[in-house]
Amino acid sequence: QVQLVVSGGGLVQAGGSLRLSCAASGSIVSIDVVGWYRQAPGKQREFVATITSGGGTDYAESLKGRFTISRDNAKNTVFLQMNSLKPEDTAVYYCKAERVRTPTDYIMNYWGKGTLVTVSS
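Throughout this document, residue positions are counted from 1 along each chain, in the order its sequence is written. Given that the model is predicted, a residue must reach a pLDDT of at least 70 before its local features are reported, and side-chain atom pairs must reach 80 or more before they are shown or counted; all residues, however, enter totals for whole chains, interfaces and linings. Excluding hydrogens and water, the side-chain values take into account all heavy atoms of the structure.

With that settled, the discussion passes to the overall build of the protein. Each helix corresponds to a stretch of at least 4 residues labelled H or I by DSSP, and each strand to a stretch of at least 2 residues labelled E; elements are numbered beginning at the N terminus. Across its full length, the protein holds zero helices and eleven strands. Ordered by position from N to C terminus, the α and β elements of the protein give β-β-β-β-β-β-β-β-β-β-β. A radius of gyration in this sense is built from C-alpha atoms; the matching globule rule multiplies 2.2 Å by the number of residues raised to 0.38. The C-alpha radius of gyration of the protein comes to 14 Å, within 12% of the 14 Å expected for a compact globule of 121 residues. Dimensions along the principal axes, computed over C-alpha positions, put the protein at roughly 50 × 25 × 20 Å. Contact criterion: two residues are considered in contact whenever any of their non-hydrogen atoms come within 4.5 Å of each other. For the protein, contacts bridging at least 24 residues in sequence account for 55% of all contacts bridging at least 6. Method for areas: the Shrake-Rupley scheme with a 1.4 Å probe, in which residue coverage is limited to the protein chains shown. Looking at the protein as shown, the accessible area adds up to about 6400 Å², and 47% of this sits on carbon and sulfur atoms. Charged side chains of the protein number 13 positive and 9 negative; the gap between the two group centres comes to 3 Å. The positive count covers Lys and Arg only, the negative count covers Asp and Glu only, and His and the chain ends enter neither. Note that the charge is assigned to NZ on lysines, CZ on arginines, CG on aspartates and CD on glutamates.

In this description, an aromatic ring pair is defined by two values, namely the gap between the centres and the angle between the planes. Pairing of aromatic side chains requires ring centres within 6.5 Å, counting the rings of Phe and Tyr and the six-membered ring of Trp. Pairs whose planes differ by under 30 degrees are stacked, by over 60 edge-to-face, and all others tilted. Tallying each qualifying case throughout the model produces three aromatic pairs. Ring centres of Tyr 37 and Phe 47 lie 5.8 Å apart, and the angle between their planes is 65°; on these two criteria the pair is classed as edge-to-face. Of the two residues, Tyr 37 sits in strand E4 (residues 30–39) while Phe 47 sits in strand E5 (residues 46–52), which places them ten residues apart along the sequence. Plain terms: the ring middles of Tyr 94 and Trp 111 are 6.3 Å apart, the flat faces sit at 85° to each other, and that makes the pair edge-to-face. Here Trp 111 lies in strand E10 (residues 106–111) and Tyr 94 lies in strand E9 (residues 91–101), a separation of 17 residues in the sequence.

The next point concerns the nonpolar core. One broad rule of soluble globular proteins: the nonpolar side chains tend to lie buried together. If you look at the biggest cluster of nonpolar residues, it comprises 33 residues, and the most contacted ones within it are Trp 36, Val 48, Phe 67, Ile 69, Leu 80, Met 82 and Tyr 93. Counting only elements with at least two residues in this core, the list comes to strand E1 (2–7), strand E3 (18–26), E4, E5, strand E7 (67–72), strand E8 (77–82), E9 and strand E11 (115–120). Per-element accounting of this core gives the leading share, five residues, to E9. Setting aside residues no more than four positions away along its own chain, Ile 69 makes contact with Val 34, Trp 36, Ala 49, Thr 50, Ile 51, Thr 57, Tyr 59, Val 78, Phe 79 and Leu 80. Buried residues of nine kinds, namely Ala, Val, Leu, Ile, Met, Phe, Trp, Tyr and Cys, make up a nonpolar core once their side-chain atoms join them within 4.5 Å. Burial here depends on accessible area, computed with a 1.4 Å probe over protein chains only, as a share of the maximum for the residue type. Under 20% is buried, over 50% is exposed, and the range in between is partly exposed.

Criterion for a disulfide: a pair of cysteine sulfur atoms within 2.5 Å. A complete count under the given rule lists one disulfide for this structure. Here Cys 22 connects covalently by a disulfide to Cys 95, the sulfurs 1.9 Å from one another. What sets the handedness of the Cys 22 and Cys 95 disulfide is the S-S torsion sign, and at about -70° it is left-handed. Of this pair, Cys 22 sits in strand E3 while Cys 95 sits in strand E9, and the two are 73 residues apart along the sequence. Each member of the pair, Cys 22 as well as Cys 95, carries the same accessibility label: buried.

Have a look at this one:
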């Protein structure tokens, strides 16, 4: 069984920083891609960033330069460093693992529970 534990959300003032963590646990052989997505109140979930097992990254254009995604493969953990936060970054942030291999299974997409990030003005 695979679990994604997301942590690091909270309340921060505009201009501040937060670091989110997404830790995968269970009988995991490999995870090809881990991504961060967010959903603001009243809006659809949107792409934030992804990172491959090889370290390749992709970002939403509007977030480049402020957000940085990284991963610790040994710990099966992916981080999202968010700097210069703005009130419009307020959202529930979700972690998604893509193409997860276990000894007995292959999971295309696996979502973790979200963590709320609130940026006050």
